[in-house]
Amino acid sequence: RCLSDWSSDVCSSDLLVRDDVPADVVEKERATLETLSRNEGKPEAALPKIVEGRLGGFFKDVVLLEQPYAKDDKQSIQQFIGKAGVVRFAQVEIG
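A brief report on the enclosed structure follows. Just so you know, these numbers come straight off a predicted model, no measurement behind them.

### Brief notes about the overall build of the protein
Next, step 1: A count of helical and extended segments in the protein gives four helices and two strands.
Next, step 2: Put simply, the protein runs from its N terminus to its C terminus through helices and strands in the order α-α-α-β-β-α.
Next, step 3: Among the 95 residues that make up the protein, the fraction classed as buried is 27%.
Next, step 4: Long-range pairs, those at least 24 residues apart, make up 56% of the contacts in the protein between residues at least 6 apart in sequence.
Next, step 5: Of the roughly 6,900 Å² of accessible surface on the protein, 53% is carried by carbon and sulfur atoms.

### Brief notes about helix 2 (residues 23-39)
Next, step 1: In this model, helix 2 (17 residues) spans 24 Å end to end at C-alpha, consistent with the 24 Å of a helix rising 1.5 Å per residue.
Next, step 2: Within helix 2, burial applies to Val-26, Leu-33 and Ser-37. Seen from one end, helix 2 has its buried residues packed into an arc of 35°, which puts them on one side. Along helix 2, exposed side chains directed more than 90 degrees from the buried face belong to Asp-24, Lys-28 and Asn-39.

### Looking at the pattern of salt bridges
Next, step 1: On inspection of all chains with the given rule, the structure shows six salt bridges.
Next, step 2: A salt bridge links Arg-54 to Glu-40; the shortest N-O distance between them is 2.6 Å. Residue Arg-54 is located in helix 3 (residues 47-62), and its partner Glu-40 is located in the loop between helix 2 and helix 3; the two are separated by 14 residues in the primary sequence.
Next, step 3: On the accessibility criterion, Arg-54 (26% relative accessible area) is partly exposed.
Next, step 4: In this structure Glu-40 comes out as partly exposed when scored by relative accessible area, which is 41%.
Next, step 5: Here the salt bridges do not stand alone but share partners, grouping Glu-27, Arg-30 and Glu-52 into one network.

About the criteria used
- Residues numbered from 1 in each chain as written.
- Predicted model: local features only at pLDDT ≥ 70, side-chain atom pairs only at ≥ 80, totals over all residues.
- Heavy atoms only, no water.
- Helix = DSSP H or I, 4+ residues; strand = E, 2+ residues; numbered from the N terminus.
- Buried < 20%, exposed > 50% of the residue type's maximum accessible area, 1.4 Å probe, protein only.
- Contact = heavy atoms within 4.5 Å.
- Areas by Shrake-Rupley, 256 points an atom, 1.4 Å probe, with all protein chains shown as cover.
- Expected span 1.5 Å × (residues − 1).
- Arc of directions from axis to C-beta.
- Salt bridge = Lys/Arg side-chain N within 4 Å of Asp/Glu carboxyl O.

What follows is the structure, encoded as structure tokens:
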């Protein structure tokens, strides 16, 4: 049943965990978020924390285990599956 519930989540990514995101992609996103935060007039001293928080949002969008669980968006898929692990997954499109 757990797998059935979990499989109802839609994932547009083949990235399972943060470590699967290429370092150059993370650095490019970090630079973009830093520029965006500066342009918004955020205090220079607070920029590192602001950027890290926004980077967390980026990971929630692109990493499967950090995406919100479809039946309870207050928890991530990782929180839903608990100590269970995912070795690999495949996305299948029917139709």
